[in-house]
Each structure stands twice: as C-alpha cells, then as structure tokens.
Amino acid sequence: MSGLSVPETAQHPSLGQDPRAEPQTGSTDWGMMGRQLWGVLRIELRYSLFSRRFLAVAFLALAPVGLLILWALTPVAKEIAGGGSTQAMSMAAWIYAGYLSTSVFLSALILFMSLFRGDILQRSLHYYFLSPVRRQILVLGKFLAAWIAGAVTFATSTALIYLLCFLPLGLSGLSRHLFQGPGLGHLMIYAGISVLAIGGYGCIFLLAGLFLRNPVVAGVLIFGWESINFFLPALLKKLSVIFYLQSFYPVPPPQELFAIVAEPISPWLTVPGLLLFMVALLALASWRAQRMEINYGED
Amino acid sequence: MTMTTSNQPTTELSTPDRIAAHQSIVFDNVSKFYGEVLGVNRVTLTLPPGITGLVGPNGSGKTTLMNLMTGLLRPTDGTIRVLGESPSAGQHLFRHLGYCTQFDAFPAGMTGYQFIYSFLRVHGLAHTEADSLTWQALERVNLKDAAKRRVEGYSKGMRQRARLAQAISHQPKVLVLDEPLNGLDPMARAEVIALFQQLAAEGCHIIISSHILHEVDMISDQVVLLSSGYVVADGDVSGMRTEIHEHPIQVLMRCDKPSLVASRLFEHDFVVEASLHDDRRGLMIRTREADRFYGLLNSIIVDNDIDVETVTVADGDVNAVYKYLIGNEGEGR
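Residues numbered from 1 in each chain as written. Chains lettered and ligands numbered in written order. Predicted model: local features only at pLDDT ≥ 70, side-chain atom pairs only at ≥ 80, totals over all residues. Heavy atoms only, no water.

1. Here's the deal with the overall build of chain B
- Regarding its fold elements, chain B presents 12 helices and 14 strands.
- When the accessible surface of chain B is summed, it comes to about 13,500 Å², and 49% of that surface belongs to carbon and sulfur atoms. (Helix = DSSP H or I, 4+ residues; strand = E, 2+ residues; numbered from the N terminus. Areas by Shrake-Rupley, 256 points an atom, 1.4 Å probe, with all protein chains shown as cover.)

2. Topic: the nonpolar core
- One finds Phe-112 and Leu-245 of chain A together with Phe-27, Phe-196 and Ile-206 of chain B to be the most contacted residues of the largest nonpolar core, which totals 156 residues.
- Broken down by element, the residue count for this core peaks at 21 residues, all from helix 3 (residues 75-121) of chain A.
- In this structure Phe-112 of chain A touches Phe-143, Ala-146, Trp-147, Ile-198, Gly-202, Phe-205 and Leu-206 of chain A, once residues within four positions along its chain are discounted.
- In this structure, Ala-262, Phe-293, Tyr-294 and Ile-306 of chain B belong to the second largest nonpolar core, which totals 23 residues. (Core = buried A, V, L, I, M, F, W, Y, C linked by side-chain atoms within 4.5 Å. Buried < 20%, exposed > 50% of the residue type's maximum accessible area, 1.4 Å probe, protein only. Contact = heavy atoms within 4.5 Å.)

3. Some remarks on the packing of aromatic side chains
- A full pass over the atoms with the stated rule returns 21 aromatic pairs over all chains.
- Geometrically, the ring pair formed by Tyr-127 of chain A and Phe-115 of chain B is stacked, given 5.3 Å between the ring centres and 25 degrees between the ring planes. Of this pair, Tyr-127 of chain A sits in helix 4 (residues 126-129) while Phe-115 of chain B sits in helix 4 (residues 112-123), which puts the two residues in different chains. When sorted by exposure, Tyr-127 of chain A lands in the same class as Phe-115 of chain B, which is buried.
- With 5.8 Å between their ring centres and 50 degrees between their planes, Tyr-127 of chain A and Phe-119 of chain B make a pair best called tilted. With one member in each of two chains, Tyr-127 of chain A in helix 4 and Phe-119 of chain B in helix 4 form a pair that bridges those chains. No difference in accessibility class separates Tyr-127 of chain A from Phe-119 of chain B, as the two residues are buried.
- Site record: aromatic cluster; members linked through ring pairs are Tyr-96, Tyr-99, Phe-154, Tyr-162, Phe-166, Tyr-190 and Tyr-249 of chain A.
- Over the ring of Phe-129 of chain A we find Arg-135 of chain A, and its NZ or CZ is 3.5 Å from the ring centre.
- Positioned over the ring face of Phe-211 of chain A is Arg-288 of chain A, at 5.2 Å from the centre of the ring. (Phe/Tyr/Trp six-rings, centres within 6.5 Å; stacked < 30°, edge-to-face > 60°. Lys NZ or Arg CZ within 6 Å of the ring centre and 35° of its normal.)

4. A word on the sheet that holds strand 6 (residues 97-100) of chain B
All names here are of chain B.
- On the basis of which strands lie adjacent, the open sheet formed by six strands has the order 6-7-8-4-9-10 and mixed pairing. Looking at which strands have only one partner, the edges of the open sheet turn out to be strand 6 and strand 10 (230-234). When strand polarity is set aside, the average angle formed by the axes of neighbouring strands in this sheet is 20 degrees.
- As judged from the four bridges shared by strand 6 and strand 7 (residues 174-178), these two strands associate in the parallel manner. If you follow Gly-98 over to strand 7, its bridge partner there is Leu-175.
- Running over the sheet, helix 6 (residues 156-168) touches strand 6 and strand 7 and is turned about 170 degrees from strand 6. (Pairing = 2+ DSSP bridges. Axes fitted to C-alpha atoms, helices over the stretch in contact; angles between N-to-C directions.)

Geometric values such as these leave the question of function open.
Written out as structure tokens, the structure is:
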C-alpha cells in the first residue's frame, strides 16, 4: 500500500472559504433543504424499488393480475361478458374492494413500517443522523420515496386489474367502455384511490415503525379494524382510512351481510381531509424522529 | 496545556472565556444514564484544538462521551457545546463535525464510492462537488482502487477506512474518532496516524478514543483518562508515558509467516518474548517499546512480503496499566 496522499485541492475549510458554509442565521435556505431532500430521496428510492421488500410488494401487486388473467380464460368470464359492461363494472368494484383491503394495505405495511425500523435493526440509521439534515426532511424524504414506489406500482397494477375485468367483453367492448363509456374515468379514479391509500396507510405504518419496537402487532390490529369496518357503527366507521377511500368508489361495491351503512362523505372533503391527516401524522413522526437517540443495544 | 476538568459546573463566562468556548468542546456537569446504568457521570471538561485522546478500558464511557458530543445521545443532565453549538442542533453541528463511529454497519448494497457520495448529497452538496470531495476522501484513506466495490465485500480494515473517509469527506473542523485504528494493519495504522496529525496541524479538533494507551500517547496533545463513567485524570501525560514504557505490551498477530517474523523480532533487545500459536499462523509478542516495535514490524512485513491477517493488542496488559494509572480513583465509585 502506498503512503496516504493529500491532494493539493483538499484544503480544510478553516484555511479558506468553505463553499458549503451555512446560510446566515435567521434565514431558511430552501434550496439547501431541497437538495438534502433529493439526497435522501435518491437513496431511499433505491431501497424502495430495488430491495427484497419490494419483491414482496410486487408479488402482492401482480398476484391479482395473474389470477385475473387465468379467470379471463374460464367459462365464468364468458357469462360476465354476457351481462355486458354493467355487470363487469360491479365485478371490478367488488374485486377492487378486496384488492385495496389486502394487497394495497399489506404493501403499505411492508414499504413503510421498515423505513426507520429497518435502519435501526440494520444498525445503519446513524448514516443519516451524522449528516446536517433536519429530521423533518429525513422523515419526508423516506416517506416520499416509499410513496412514489408504492404509487407507481399500485397505480399500474390497479389499471391492469381494471382492464382485465373487462377483457371478457373483447377488445372492441373494452375499447367502447373506455373511450365511449365511463371506463377511462373509473380507471383513473381507482388508480387515484390506490395512490391515496398507499399514502394514508403509509403514514400510519411509518409512525408505528418509529414508536413501536414490534410494529407488526400494530399492523395486524389495524388490519383487523379496517376489515371489520363494514360492521362498525357509523361513528366508528369514520375512524378508519377505508371508510374515506370508499367514498371515492365510482361504483359502490356490494355491501357485506349485516353491513351498517353510513352516509358517505363528499370527495371534496375527503381528499383534503386525508391529506391533512397525512400531514398531521408526518408532523408527529418528525417530532418523534427529532427525539430519537442512537442506542442500537436496546433494539 | 489548556484542558480543564472539574467535578463542579462552570460559572458565568467572561468575554475571553466565551470566545474560547466557541473554539472548544465544552462539557458542563454532563451525566448520562441508560435507565439505571451509568454511562458517564458529572463530566466537566473543556477540550481545546489539537488531538485529544480519550482512553480507558472497555465500558469506561468513551463511546458514550463521543455519542453525547455528536448528539446521537442526549445527556440526562448538564450541557454540551461543540464550538458554541448544541449537539441537539445536528443541522448546524454536522456541517463542521465528522464522526467515525464504531458501528460496523453500512446501508445495504452501497459501494465505497456510493457510501461517501450519497452521504455528501444528503449534506446538500451538488453532484460535482460531492463527486470531487468523495474522490478526495477516498484518496486520503487509500481506498480509491476499491471505490467501486461493495462495502459488504470489504475487509475489516477497509470498512474502517471507509468510515474514516466518510467522517473527513466534508472537511470538518471537528473530527470525532471512536477506536479508529481497530482492524488496521500496522502500515495502514501508521498512515492513518500521519493523516490525523496532518489534519490537526491544519487546525482541526481531533477527539480520538482508544483502549490502546501507547497509540493515544503517541499522537495526542492531551489525554483524558476515563474509568467507570468518570474522568479520573487528564492533562499531564508524562507519568502515563513512563508507565506505558515500563510495562511490556502484548501484541497478537496472525500472518502467513509467523516463524520468520518471530526470528527477525528476536534480533532486537526490546522484544521480550515471542511465541507461536499451535495453528502456525498466530504469534504472541511482548515488547517494552511499542513505537520501535511497530516500526520494526512494518519493515519486516514489507521486506518479506508477509500477508498479515490481524495485529491486535491484548487487553490483559493494558488493563494492568490502567489499574496502576487509575489506582484508587477508579474504585469505590
């Protein structure tokens, strides 16, 4: 090994002007914060899209697509085709309701719960904590990366599922439904619900990963709560994400047996409400991250 | 020597003292408890620029003190200022502080280059500057050739150098190094020590922890001796130096030609003992003069093209020296 060399350009900041000097106190350097956010995003996007946990998410997103392709080849599919696009729309709503409460929910759990908990278990969280990045930006960067990965994956798979529901109508029937009927609008709404669902559930699981040593227990409890939502009284229904998401459905899914029906909330209130809910949870997550210490021994 | 310690909290500072505090690292009556377990207790300490060695046996509170000054831990009691900044304000502190931790974990899948470059992007640097500083840091720790390899595949010494490169990559004014020489072979050790000395000469504060007394003695301008969470000695290192030189140190080495190394070492009177391990790769050496020993070992390794696996100091003898140095102060706390 040759001796350690010191490049001539490597000059300590104390010897000259530091180009990375902080902004004057009292001012907020939004440009710097934007670059830091991008710095976090580029690392986290890589983990969200090219990691083992994403394989599980991709499976959950694509398994229903595979099952629908197989279904399209069965005689039952031909019966649906006989019922026309109205029957196919009901079926799409029914399938989407199941897809939302299982695939989308579980994927949000996988993607978001490990954002901080995974770094703690791998003992690598100090990588971020040793940099001059505000913890709020760290929380936002991690959340956005997982949301982007989830949104792209589930918007795509939602679109595929919707299209496959109409495949038994034939290509001409599908084309008519999409471009001369309400199909394209419905497809966009379902994809939008998936994107909102990933973000809404994601905030909850991000927070659980920050507060709990074993957030999977919280995940199971929330899954149970969301699953029995149809059975809950009207007031309690409103304490769930699924209730607000259902108000967007272009075609109401068939109600479960013994379901208690609550008056749906206008989408004009639901979207800002859900976004406000996400902001509030992210603020709480930032507060928690700000108070975190690195003491891996405890975990 | 300007380093001060006491068990009493500091009082109001005069203007010159305040200016000095902005150029120093100040602990004021700092305690840290992990539940009921003591980390450090009532530490009042001012560390001036230069190289400060934190020494003490394992569990004495060195890492806790370092984690406190870098904000990774919060004190249970007391206050800390690093060049006038509170460690809790990481967005300010880490612009001029680098910390080489002992945590041997890296974000998964990153190459050596990505490890440093991504860190600098999180700092908020643009691509060109981050790229340039990354290569400079890798060059400084001699890791340029392995830059495109994944860190998971690095040897322990290379991982240590990667962490060091990360700590110095943004050219900080304060460098906190937790056992930075662990896992390095003798030549890399000498090179890294030279790098620390050069950074200190450039005006950098360097706080270095080690349980290997002679290493700290060799490079430090001032020393803080810790035992069981308390600062038990600081400042004058002459007594410590004499003691270190009088106690033979025991070095364990693993390499491909231990017999050859032993025979070469025995030609010198400062090597007291050298014995081979049964597996024919291990060698235990006792020496009275660590500096001369390491210089000699380096030349033997280079001259004979020896493949070195590890070189470590055995803790037993070090603890004996600590016991002598700490004496009654370390007991009965």
